[in-house]
4 protein chains.
Amino acid sequence: MVRAIFRLVPAFNPPDFAKPVLAAAPDARFVPAPADGVLPESFFSTTNLPTYVRIDGAWRLPREPRMDSALVLDADGELWVREGRRVRKGDRVAVGTAEDGREGIYVHAAAFMEEVGPDGEFKFMSSEVSREKPIDYALMADILVNERDNGGYPIWVAGPALVHSRARHDMVWFIENGFVGAMLAGNAVAVHDIEASIFGTTLGMSGAGKATQGGHGLHMRAINAVRAAGSIKAAVENGVITDGIMHALVKTNTPFVLTGSIRDDGPLPDVITDAIAAQDAMRAHAIKATMAILIATALHAIATGNMLPAFVTESDGSLRELATICVDSAEFVVSKLKDRGTHQAFGVVTNAQDFMHILRLYVERAIDQRRIAVAAGATSDRAVTAAR
Amino acid sequence: MVRAIFRLVPAFNPPDFAKPVLAAAPDARFVPAPADGVLPESFFSTTNLPTYVRIDGAWRLPREPRMDSALVLDADGELWVREGRRVRKGDRVAVGTAEDGREGIYVHAAAFMEEVGPDGEFKFMSSEVSREKPIDYALMADILVNERDNGGYPIWVAGPALVHSRARHDMVWFIENGFVGAMLAGNAVAVHDIEASIFGTTLGMSGAGKATQGGHGLHMRAINAVRAAGSIKAAVENGVITDGIMHALVKTNTPFVLTGSIRDDGPLPDVITDAIAAQDAMRAHAIKATMAILIATALHAIATGNMLPAFVTESDGSLRELATICVDSAEFVVSKLKDRGTHQAFGVVTNAQDFMHILRLYVERAIDQRRIAVAAGATSDRAVTAAR
Amino acid sequence: MVRAIFRLVPAFNPPDFAKPVLAAAPDARFVPAPADGVLPESFFSTTNLPTYVRIDGAWRLPREPRMDSALVLDADGELWVREGRRVRKGDRVAVGTAEDGREGIYVHAAAFMEEVGPDGEFKFMSSEVSREKPIDYALMADILVNERDNGGYPIWVAGPALVHSRARHDMVWFIENGFVGAMLAGNAVAVHDIEASIFGTTLGMSGAGKATQGGHGLHMRAINAVRAAGSIKAAVENGVITDGIMHALVKTNTPFVLTGSIRDDGPLPDVITDAIAAQDAMRAHAIKATMAILIATALHAIATGNMLPAFVTESDGSLRELATICVDSAEFVVSKLKDRGTHQAFGVVTNAQDFMHILRLYVERAIDQRRIAVAAGATSDRAVTAAR
Amino acid sequence: MVRAIFRLVPAFNPPDFAKPVLAAAPDARFVPAPADGVLPESFFSTTNLPTYVRIDGAWRLPREPRMDSALVLDADGELWVREGRRVRKGDRVAVGTAEDGREGIYVHAAAFMEEVGPDGEFKFMSSEVSREKPIDYALMADILVNERDNGGYPIWVAGPALVHSRARHDMVWFIENGFVGAMLAGNAVAVHDIEASIFGTTLGMSGAGKATQGGHGLHMRAINAVRAAGSIKAAVENGVITDGIMHALVKTNTPFVLTGSIRDDGPLPDVITDAIAAQDAMRAHAIKATMAILIATALHAIATGNMLPAFVTESDGSLRELATICVDSAEFVVSKLKDRGTHQAFGVVTNAQDFMHILRLYVERAIDQRRIAVAAGATSDRAVTAAR
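Numbers given to residues run from 1 along each chain, matching the order in which its sequence is written. For this description, chains carry letters from A and ligands carry numbers from 1, given in the order in which they are written. Only residues with pLDDT of at least 70 get local features here, since the model is predicted, and only at 80 or more are side-chain atom pairs given and counted; chain-wide, interface and lining totals rely on the full set of residues. The side-chain values count all of the structure's non-hydrogen atoms but skip hydrogen atoms and water molecules.

A word on the sheet that holds strand E15 (residues 345-349) of chain B
Two strands in a sheet stick together by hydrogen bonds in their backbones, pointing the same way (parallel) or opposite ways (antiparallel).
Residues and elements named next belong to chain B.
Inference 1: Pairing between two strands is assigned when DSSP locates at least 2 bridges connecting them. A run of H or I in DSSP counts as a helix once it spans at least four residues, and a run of E counts as a strand once it spans at least two, with each numbered from the N terminus. Strand order across the open sheet formed by six strands is E10-E9-E8-E11-E14-E15, with parallel pairing between neighbours. Single-partner strands in this sheet number two, and they are strand E10 (256-259) and E15. Adjacent strand axes in the sheet meet at a mean angle of 15° when their direction is disregarded.
Inference 2: As paired elements, strand E11 (residues 291-295) and strand E14 (residues 323-328) share five bridges and run parallel to each other. Looking at the pairing, Ile-293 lines up with Ile-325 of E14.
Inference 3: Contacting strand E8 (154-158), strand E9 (182-186) and E10, helix H10 (residues 275-286) runs over the sheet at an angle of about 150° to E10. Structural elements are reduced to axes, namely lines fitted to C-alpha atoms, with helices fitted over the stretch in contact, and the angle between N-to-C directions of any two is expressed from 0 to 180 degrees. Every residue pair with non-hydrogen atoms within 4.5 Å of one another is taken to be in contact.

Observations concerning unusual backbone geometry
Inference 1: Omega for the peptide link from Gly266(B) to Pro267(B) comes to -5°, which places this bond in the cis form.
Inference 2: Looking at the element boundaries, Pro267(B) is found in the loop between E10 and H10.
Inference 3: One non-glycine residue, Ala296(A), lies in the positive phi region at around 55°.
Inference 4: In this fold, Ala296(A) is placed in the loop between strand E11 (291-295) and helix H11 (299-307).
Inference 5: One non-glycine residue with positive phi stands out, namely Ser42(D), at about 50°.
Inference 6: The residue Ser42(D) is located in the loop between strand E1 (29-32) and strand E2 (51-55) in this model.
Inference 7: By relative accessible area, Ser42(D) is classed as partly exposed at 38%. We call a residue buried when its accessible area falls under 20% of the maximum for its residue type, exposed when it is over 50%, and partly exposed in between, using a 1.4 Å probe and counting protein chains only.

Quick notes on the pattern of salt bridges
Residue and element names in this part refer to chain A.
Inference 1: One side-chain nitrogen of Lys or Arg within 4 Å of one carboxyl oxygen of Asp or Glu is enough to make a salt bridge. This structure, assessed with the given rule, holds 84 salt bridges over all chains.
Inference 2: A salt bridge links Arg-85 to Asp-280, with the nearest nitrogen and oxygen atoms 3.8 Å apart. Residue Arg-85 is found in the loop between strand E5 (79-82) and strand E6 (92-95), and its partner Asp-280 is found in helix H10 (residues 275-286); the two are separated by 195 residues along the sequence.
Inference 3: Since its relative accessible area comes to 12%, Arg-85 is described here as buried.
Inference 4: For Asp-280, a relative accessible area of 30% translates into the label partly exposed.
Inference 5: Within the structure, one salt-bridge network assembled from shared partners comprises Arg-66, Glu-83, Arg-85, Arg-86, Asp-280 and Arg-283.

Describing the side chain of Thr324(C)
Residues and elements named next belong to chain C.
Inference 1: With respect to the helices, strands and loops of the structure, Thr-324 is situated in strand E14 (residues 323-328).
Inference 2: A relative accessible area of 3% means that Thr-324 is categorised as buried.
Inference 3: By the criterion applied in these results, polar contacts are pairs of N or O atoms within 3.5 Å in which, for protein atoms, one can donate a hydrogen and the other can accept it, and in which residues neighboring in sequence qualify only through two side-chain atoms. Within the structure, Thr-324 has its side chain in polar contact with the backbone oxygen of Leu-322 (distance 3.0 Å).
Inference 4: Sequence-distant contacts of Thr-324, that is, excluding residues within four places in its chain, are made with Ala-292, Leu-294, Thr-342, Gln-344, Ala-345 and Phe-346.

Quick look at the packing of aromatic side chains
By convention here, two paired aromatic rings are described through the distance between centres and the angle between planes.
Inference 1: In summary, the pairing rule links any two rings of Phe, Tyr or Trp, Trp by its six-membered ring, whose centres are within 6.5 Å, and it sorts them by plane angle into stacked for under 30 degrees, edge-to-face for over 60 and tilted for everything else. As enumerated under the stated definition, the model contains 32 aromatic pairs over all chains in all.
Inference 2: The interplanar angle of 40° and the centroid separation of 6.0 Å between the aromatic rings of Tyr137(B) and Phe355(B) together place this pair among those described as tilted. You can see Tyr137(B) sitting in helix H3 (residues 137-149) and its partner Phe355(B) sitting in helix H13 (residues 352-375), a full 218 residues away along the chain.
Inference 3: Clustering of aromatic rings is evident, with ring pairs tying together Trp156(A), Trp173(A), Phe174(A) and Phe179(A).
Inference 4: Lysine and arginine charges are scored as sitting over a ring when NZ or CZ, respectively, is within 6 Å of the ring centre and within 35 degrees of the ring normal. It is Arg365(B) that lies over the ring of Tyr362(B); its NZ or CZ is 5.0 Å from the centre.

Describing helix H6 (residues 187-199) of chain B
All names here are of chain B.
Inference 1: In a helix, the anticipated span is given by 1.5 Å times the number of residues less one. For H6, which comprises 13 residues, the first-to-last C-alpha distance of 18 Å matches the rise-based estimate of 18 Å (1.5 Å per residue) to within 8%.
Inference 2: Within H6, ten of the 13 residues are buried, leaving the element largely enclosed by the surrounding structure.
Inference 3: Here H6 has its buried residues at Asn-187, Val-189, Ala-190, Val-191, His-192, Asp-193, Ile-194, Glu-195, Ala-196 and Ser-197.
Inference 4: Once H6 finishes, Gly-200 follows within two positions and takes phi at roughly 80°, a positive value.

Some remarks on the relation of the copies chain C and chain A
Between the two chain copies there is a screw-like relation: a rotation about an axis and a shift along it.
Inference 1: Overlaid copies result from least-squares superposition on C-alpha atoms, with residues included only where pLDDT is at least 70 in both. Overlaying chain C with chain A gives an RMSD of 0.0 Å, the required rotation being 180° about an axis along which the chain moves by 0.0 Å. When the rotation and shift are considered jointly, the pair of chain copies conforms to a two-fold rotation axis. Nearest to the rotation axis, the C-alpha of Asp274(C) is located 2.0 Å from it, this being the minimum over chain C.
Inference 2: When you check the interface residues of chain C against chain A, 100% turn up at the interface there too, and the contact is symmetric in its surfaces.

Quick notes on the environment of Arg168(C)
Residues and elements named next belong to chain C.
Inference 1: Tracing the backbone through its elements, the reader meets Arg-168 in helix H5 (residues 168-176).
Inference 2: Distance in space between the C-alpha atoms of Arg-168 and Thr-290 is 23 Å, their sequence separation being 122 residues.
Inference 3: Each residue touching Arg-168, except ones within four places of it in the same chain, is listed here: Leu-162, Val-163, Asp-193, Ala-196, Ser-197, Asp-243, Gly-244 and Ile-245.

Focus on H11(A)
Inference 1: By the criterion of burial, H11(A) is predominantly enclosed, with nine of the nine residues buried.
Inference 2: The set of residues buried in H11(A) consists of Leu299(A), His300(A), Ala301(A), Ile302(A), Ala303(A), Thr304(A), Gly305(A), Asn306(A) and Met307(A).

Quick word on the interface of chain C and chain A
Inference 1: If you look at the interface, chain C gives 48 residues, while chain A gives 48 residues.
Inference 2: Here the buried area means the combined drop in accessible surface, using a 1.4 Å probe, for two parts upon being joined, counting both sides. Buried area between chain C and chain A, both sides added, is near 4000 Å², and the carbon and sulfur share of it is 52%.
Inference 3: Counting the surface chain C buries against chain A, the share from its top three residues, Arg221(C), Ile262(C) and Arg263(C), is 21%.
Inference 4: Between chain C and chain A we count zero salt bridges in total.
Inference 5: Summed over the shared surface of chain C and chain A, the result is 20 residue pairs in polar contact (both at pLDDT 80 or more).

Considerations on the packing of helix H5 (residues 168-176) of chain A against helix H13 (residues 352-375) of chain A
How two helices pack is summed up by the angle between their axes together with the distance between the axes.
Residues and elements named next belong to chain A.
Inference 1: Interaxial distance between H5 and H13 falls to 9 Å at its minimum, and their mutual angle equals 35°. Read as a crossing pair, H5 and H13 show a hand that is left-handed. On the side of H5, the interface is formed by His-169, Asp-170, Met-171, Trp-173 and Phe-174, while H13 contributes Met-356, His-357, Leu-359, Arg-360, Val-363, Glu-364 and Ile-367.
Inference 2: In terms of residue class, the contact of H5 with H13 is made up of seven nonpolar, two polar and three charged. A crossing counts as left-handed when the near helix is turned anticlockwise from the far one by less than a right angle, and as right-handed when that turn is clockwise. Note on residue categories: nonpolar means Ala, Val, Leu, Ile, Met, Phe, Trp, Tyr, Cys or Pro, charged means Asp, Glu, Lys or Arg, and polar means any other residue, Gly included.

Brief notes about the pairing of strand E6 (residues 92-95) of chain C
Residue and element names in this part refer to chain C.
Inference 1: As paired elements, strand E1 (residues 29-32) and E6 share four bridges and run antiparallel to each other. Along E6, the bridge assignment pairs Phe-30 with Ala-94.
Inference 2: Bridge analysis of strand E4 (residues 70-73) against E6 gives two bridges, and the strand direction is antiparallel. Residue pairing for E6: Leu-73 is matched across the bridge by Arg-92.

Some thoughts on the sheet that holds strand E5 (residues 79-82) of chain B
Residues and elements named next belong to chain B.
Inference 1: An order of E1-E6-E4-E5 is seen for the four strands of this open sheet, with the pairing classed as antiparallel. At either end of the open sheet lies a strand with only one pairing partner, and these are strand E1 (29-32) and E5. Averaged over all adjacent pairs, the angle separating strand axes in this sheet is 45°, with direction ignored.

Describing the nonpolar core
Inference 1: Core analysis: the largest hydrophobic core is formed by 130 residues, its most contacted members being Trp156(C), Ile232(C), Phe355(C), Ile232(D) and Phe355(D).
Inference 2: Here Trp156(C) is in contact with Leu144(C), Met171(C), Phe174(C), Phe179(C), Val180(C), Ala182(C), Met183(C), Leu184(C), Ile293(C), Ile295(C), Met356(C) and Leu359(C), once residues within four sequence places are set aside.
Inference 3: We call a set of buried Ala, Val, Leu, Ile, Met, Phe, Trp, Tyr and Cys residues a nonpolar core when their side-chain atoms join them within 4.5 Å. Formed by 128 residues, the second largest nonpolar core is a distinct cluster that contains Met140(A), Met220(A), Val327(A) and Ile358(B).

Re the environment of Gly347(B)
Inference 1: If you trace the backbone, Gly347(B) turns up in strand E15.
Inference 2: Remark: the alpha-carbon pair of Gly347(B) and Thr324(B), spanning 23 residues in sequence, is separated by 8.6 Å.

Side note on the side chain of His216(B)
Inference 1: By the secondary structure assignment, His216(B) is in the loop between H6 and helix H7 (218-229).
Inference 2: Here the side chain of His216(B) touches Glu99(D) through a polar contact of 2.5 Å, side chain to side chain.

So, in structure tokens, the structure goes:
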């Protein structure tokens, strides 16, 4: 089954360390940080791509890769990627700006590249993200079922449109059926989900999309009810919250992180209001992620994209691309995500409700087809092929 | 079953002709047109709302209602709505600008209004069109099944994204299952549909959304093949076109109108290149329409919206709102349609592929539920309720 | 001059306390909060509209009005609007859900309404926010110059597109010429502004809009430089930051608030990373605001909109609408802001660079015209008229 | 001065005919068309890029280059690009699908390419079209002034937002000051411009953006007035139309083409309602174009883009890129234009009103600076540099 994944996403091209610039590369140079949270001049600023650092003549991949951070060699000789604010005075930080290995650091940009044709060929429909492109739900469903069946850790990141649009039921289905490693969201997603559970509205809007009289206060009443209970878990347990996304997360013990923002009403007691603490909580899941599904949120999608490597390191040390799906009603959010370096994102330009509904349908079909294939004695490898 | 429709859409409020301004209204005044295609000064400019014209003391509704046109009383005393260009010198044209009946013409703007609360109440989520609103597919499916089962004439109007996004198969299903009264589109929809049938691509883009090498010429080859055959029907019959939307329209004898634009390649032989002739061909269907589904097209949606009354006149003379669904990836097109007077449009902000896929799913479910309900001896009225 | 403002924006319609429901209204009922940060059941949830509370037979307006909060009567008999989280156990909180005065609380929704025509009139172009609407820069310039000359406190709220688009110079001009009461933004605005000052790029993009080689690390180097200096002010003083928005704010002693988010790199030392502390810092300015200009930011615009009353209370107790301008490239953000209750927002659908450039031009013209008018001995009132 | 242009846009890289595939290329093969308007099987489908055709051993560029057409060798040995519908039975049409010269036809895709860095380098802000990119008005102004001063033929293509947004005055300025070679638009632009001249409204919307009572009929009255006059020119001459875009075009004898669409009310007498005749009328200007400015229109921008080569052939036979500016409120239109092959389009994401206002301002400045430079005895070449 494992190999099946590799056929769905671009294969890894290992770097050619015999190539002259790499063969002749010096060891990377490390310089102590001048103060807590301050990096040395000309520190190496990381990307989300596989990055090889030459230490004692050997090329090594750092742990916890992400972009916009520094390379730190700790006292035990372990190599880490660390945000600048987490560096302490005296920590050994890699310096250099070349990314081609000539200063001992090699960013392997072509790790997952597909073959491309000759430059400048005249083509129509070559834009990367467009509402005019077909959406391959069967492929996404296959990747998702593979992730679940292979013990992957898909992280789901969502904005409040997921709840306004009544995709709550489908999100619950994914949680209850084991497709969610962790869920990352803001206060609003939880508030509207809980408002929907208690009052049947989101921001006072009914399931039919109508503003209700007096509805503007209902999300405040929902927040107040949870504050009175002390936590979302307590509100689930005492029967205040009886269904929905937060209910399913609590009931299935699926980890979630709710992060705060200046837009928050309340907030709910579970919200991590400090942005640094919130980033730390998100990173704890990002470093385990084997897939990311980002739905209807610019802020959270970009925040998560910043923390995610473009690849997954398998237990055997091999690398594969980290499948990243970004769903939004507008091309703009996906382009913005890519403009912030999350180049591997695959954009789906549609709304949250429809995306969730169809993805679930295709996942249900993929599961059925695999079950049939297994029953028929087929090898799992063939089953995957049939599912396409 | 007929009554069921009325519960799904706003009921008609008949005008109160006893109200003083209407009771005291004079007959409408008619003035001869000064020249072919030229209206008299201060002609009455029509809207798409029910419009009552007082003639010989009686209030009459004109035939073929639409906006941006004139009221013409013909030699036989028949009252018509006519575009200015179709008026001949000497035709009797209604004059006046008042719409409240005081000059003998009453525009019944509140015909289908819902009750509204007190002005200015503070509400969230009160915008009319937004990607953050839930989409009620069950309601749309119910309306569509009712239309089919009651002999309605739903017109479908589509842009090329329908084809690029690979919603072709679902469109074919709607055609083959009797849900399409007529289809109105431009050259591009037919070209890309035929390109997909012959080459498997649209504008050279594969079903996986990739630009193909040499693909930029494939739509030209598709056009050339149909031009060589002489017509789309001939190309279906000689086996050049083997599947898809145009194939289904031809095979099921469903009427279609392909209208030309300055963007057209080719065009295909069936395209009506003159905009006036094309409008006349569209109007032949618009005046019969009992429902409109406008998908992923600004030009064609607004053109059709201009020709459609906001209501359907039943055979017994009663009126009901003409259900108008406008699907687009952006709020802008729906708002633009409303800004051009098609206020009754219900906006669905999503992409064409997902809309078609889910709508079909819900229609299939609605049909199943009705079948079960009928089998169970339920009255059709209860069946509809169950289907919700 | 003061009266001039009133002609530019809707006049205040005072409530009619003689109207039966208000004349017969009871005193509002207050109930103690059950715990810190928890409101009593059926607390009154505030709006951003003028809200009159009957206490001891008199109608009173609370201090620090905003939406989504509670009405609290303190020990000294002072009436406040307070977010639920700031309420302490035992605080007296108003209860009731009626907004028409019948429970002693009256939300004056029609305070700034313009006359409207008969319901349902057929109109084109009646959408509220659209790129197809003209932008009245002369009116906005006039309001802004009036604000400055009358000692107003306009708050400016901006997103990073302001900096990417190179509207920095125009923003500096507004700061240096006294049009900015306070500036509210996030880490990114300051980071990119400082990156532009030090390296000439924003996120590595040159002023010509091209991605530069190695550019992806420049914002990190900018952050590191300020962290090394200790604060933005220190970095201005030690010559690291030599121009731009942050430089102008520091040099002119204009207050600013930088609030944190989970997307932040760094962050800069001045950023308030806790969302609650950040909201408190923003509110300190929001309660003084006499005008708001929200540019190219969904998060910050909505956060500020949540805190702002829809009106300004003049020193003589009279009310006027709080002019709120929301600039974004898409109708969506403005509609979203209105959907979150900031109904008074006037939407400008354009990009930040062009908006700033033209607004500055019109403000310069308005100033010139007033100067000329004053020189000509005209009364200031006439000058304003001329400036239109 | 001529050289100045070349520094503003990418220089032309001539093809290297000595390269093996080109040196060894056969003559292109021509096959007679089988019927009027029908091309031979495997006809060569053109692009908008410089295309060299080998005939009798020599590489020749065809006349009237455009995409989606055929290469036709006429009886006189002249080589043309012709739309398939214009080909007559027996015309000699080039066949082949290879674009690298191996079948005697070479598409020079790299003609205007800039140097690019190594593949896959990690970069931020590398999307092609984004509202977050700065707009270089100084560059556009310079190109436009150069075009005028060097006898260029800039074509302007506009949608109705140009008129709704009240950019009429700035458009008039460009017409009156010689910056418009020809104007291409639809019925709506002329209708709203004339409605604004007669009634002060566009689609009944006042200059302050408000829908006016009874306003929905005003565009119909404007159309009727012009129909009564017989033509736009006649309506200008008889005093019906007193200002605006159409007035300026008539008064300055600037050629314009108004093309019809199915959305048209009226239409105005000058509108070419047949799409094929309309394309022919547009092409007459497209083949002369030395620059294109496409504003707030998807239909007309893409239609014009289809007809335009990506380059200008100078009188000495040399080539330069055809500067193409596409202005729209959304990235989508520009991306769509590029997806239809107009890769050279430079996208400006803003609204029409602001674009026109600022572009005019910069053009006025560029003119002033050149005048000063000339007065100072500077060479015009230096003047251009100064103007930057």
